[in-house]
Amino acid sequence: MEKYLINPNQKLSAISRDIYGTFSEHLGRCIYEGVFVGEDSPIPNVNGMRKDVVEALKEAGLPVLRWPGGCFADEYHWKDGIGPRASRKKMINTHWGGVIEDNSFGTHEFFELCRQIGCEAYVTGNVGSGSVQEMSEWVEYMTFDGVSPMADLRKENGSEKPWKLKYFGVGNENWGCGGSMSAEFYADQFRRYATYVRIYDRKNRVMKIACGPNGSDYNWTDVLMARAGRMMDGLSLHYYTVTGDWGHKGKALEFTDEEYYTCLEKSYYMDELIRCHDAVMTRYDPKKRVGLIVDEWGTWHDVEEGTNPGFLYQQNAMRDAIVAGLNLNIFNKHSDRVKMANIAQTINVLQSVALTDGEQMLLTPTYYVFKLFRDHQDSTLLGSYLTTKKLGERLPQLVESASEKEDGTIVSTVVNTSLTESAEILCQIADSKVKGVTAEILSGDPHDHNSFENKNAVFSKPFDGAEATADGFKATIPPCSVVKFLVERA
Ligand code: AHR
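**Observations concerning the sheet that holds strand β2 (residues 21–23)**
Within the closed barrel, the eight strands sit side by side as β2-β5-β8-β9-β10-β11-β12-β13. Their pairing is parallel. Averaged over all pairs of adjacent strands, the angle between their axes in this sheet comes to 25 degrees, without regard to strand direction. Judged from the two bridges that link them, β2 and strand β5 (residues 64–67) form a sheet pairing that is parallel. Its bridge partner lying in β5, F23 is registered against R66. Lying on the sheet, helix α7 (residues 257–284) is in contact with β11 (234–241), β12 (291–299) and β13 (338–344); it crosses β11 at an angle near 160 degrees.

If you want it as structure tokens, here you go:
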């Protein structure tokens, strides 16, 4: 029996809802076909956006969407994506499959998508191949409510009022596809570009996000914080879970037990990465004003056979759901520093929450994890401790987080990473009398997945294996599962 203690007297940090964000790039079938099909498509749409996908994202409570890249962002010139669609410039998407990008999805379409979903916008600007003027004008175009060349242009293009832009990324992976810069060079570029990312509306300040490290590049974090920390609101972190190596990443649906554990072990490394980057950031920012923004995370498997290698299309199984549960619990636990995260990516690319095939759409096991965790959004992280075995060098069998909603309900999400062993837990909630507990579960064989032949093989369902005790609850958590408990107190 594992002991699980939750302490409502220990209120640690607010869990920003934006931790539950996704990323959507002009890559493969993420934007085109995945969300945007155009008004004339036979696929049911509202102003060109797929109804099924928008509904699903709303239902999962998607709080924030990142766009247009990724590597694409540093070769994107936003003025190519405004004005009458028929006259928009066409370009080759050199990073992703060498296909023609016709710019039919641009700034207006992105904000229309966010409006339909009801989520915040996170736009990334071009540092690698764009100018300070171009970036500055984009922010003016999106956010200025007054008379100016860019505000007037936006009005001419049909949007009288500016949009709410919550986050703006000053470049992406500028250590790599965004210009191959050194940390010192980028830090100075960030200061220069960010100076002209003007704040036009004090009540709706745009948060400026600097390009952060690749995985464990702690020097990058150190240099950025030392040279530019005071000018940023957030520093990004990218870390992908690759089971094999970048040459042979491994398949999404075919893997051995050993590969299952390797994948999870590598994914759990996120915890160490956040702790160490946080420690570096804390040297310069002890009050944790600057957020760590994990704006690309998730599994990166080999592409599905027969698909364009540049489109990064992969299936999604229960193993991916376990990865999602691990990472979301880790982000919750570090919510004093992690203020936003965006899984890569939303649809048809990497660890997606939905896949489409023509007019069909399916929800992946990862989607259901986001839905289960939705109750943590904007709740307060509580101190918690769960005894558990180690299954690898650092991978625990059980990984949990607990929070308190505004109405006092306790939310706890527990992931059982074991392939074979269930876990009995006895939970005690300090100084509490418990009225009742309800639970939901996502579980199965790690290879289980939804396909276009069987779209409902995996989904979350009510879990009747939890029983309230006087001061908590007890439950037996099946192998390879993610469980959410909602505890009502007297
Ligand atoms: O998500 C796919 C790519 O991975 C992004 O474009 C880039 O930022 C990262 O290397």
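**Overview of the state of the cysteines**
Such a bond, covalent and formed between the sulfur atoms of two cysteines, is termed a disulfide. All told, the structure shown has one disulfide when counted by the stated rule. Put simply, C71 and C177 are joined by a disulfide, and their sulfur atoms are 2.2 Å apart. Disulfide C71 to C177: torsion about the S-S bond roughly -90 degrees, handedness left-handed. One end of the pair, C71, is in the loop between β5 and β6 (91–93); the other, C177, is in the loop between β9 (167–170) and α5 (183–195), with 106 residues separating them in the sequence. The class of C71 is buried, set by a relative accessible area of 11%. On the basis of relative accessible area, C177 is assigned to the partly exposed category, the value being 26%. In this model C211 remains outside any disulfide bridge; the closest cysteine sulfur is found in C177, 8.7 Å from its own.

**Some thoughts on the packing of helix α2 (residues 107–117) against helix α3 (residues 132–143)**
One way to put it is that α2 packs onto α3 with a least axis distance of 12 Å and a crossing angle of 45 degrees. By the angle class used here, α2 and α3 are oblique. At the point where α2 passes α3, the crossing takes the right-handed sense. Of the residues in α3, those touching α2 at T107, H108 and F111 are W138, Y141 and M142. In terms of residue class, the contact of α2 with α3 is made up of four nonpolar, two polar and no charged.

**Quick look at the site of the ligand**
Near the ligand, the surroundings consist of 13 residues, among which E25, C71, E173, Y240 and E296 are the closest. Backbone polar atom of C71 to an oxygen atom of the ligand: 2.8 Å apart, as the coordinates give it. One nitrogen or oxygen atom from the side chain of E296 is found 2.7 Å from an oxygen atom belonging to the ligand. Contact with the protein chains covers 94% of the free accessible surface of the ligand, which is 290 Å². Here the shell around the ligand is composed, by residue class, of seven nonpolar, three polar and three charged.

**A closer look at the pairing of β11**
Consecutive side chains of a regular strand alternate in pointing toward one face of the sheet and then the other. Within β11, eight of the eight residues are buried, which leaves it mostly tucked inside the rest of the structure. What you see with β11 is no split at all: G234, S236, H238 and Y240 on one side and L235, L237, Y239 and T241 on the other are buried throughout. Bridging between strand β10 (residues 207–210) and β11 involves two bridges; their strand directions are parallel. Looking at the pairing, A210 lines up with L235 of β11. Note that β11 and β12 share seven bridges and pair parallel. Residue pairing for β12: L235 is matched across the bridge by L292. Where the polypeptide runs from β11 across α7 and back to β12, its parallel neighbour, the crossover connection is right-handed.

Calculation criteria
Residues numbered from 1 in each chain as written. Predicted model: local features only at pLDDT ≥ 70, side-chain atom pairs only at ≥ 80, totals over all residues. Heavy atoms only, no water. Pairing = 2+ DSSP bridges. Helix = DSSP H or I, 4+ residues; strand = E, 2+ residues; numbered from the N terminus. Axes fitted to C-alpha atoms, helices over the stretch in contact; angles between N-to-C directions. Contact = heavy atoms within 4.5 Å. Disulfide = S-S within 2.5 Å. Buried < 20%, exposed > 50% of the residue type's maximum accessible area, 1.4 Å probe, protein only. Parallel < 35°, antiparallel > 145°, perpendicular 65-115°, else oblique. Left-handed = near helix turned anticlockwise from the far one by under 90°. Nonpolar A, V, L, I, M, F, W, Y, C, P; charged D, E, K, R; others polar. Near = heavy atom within 4 Å. Polar contact = N/O pair within 3.5 Å; in protein donor to acceptor, adjacent residues only side chain to side chain. Areas by Shrake-Rupley, 256 points an atom, 1.4 Å probe, with all protein chains shown as cover. Right-handed = clockwise from strand over helix to strand, strands pointing away.

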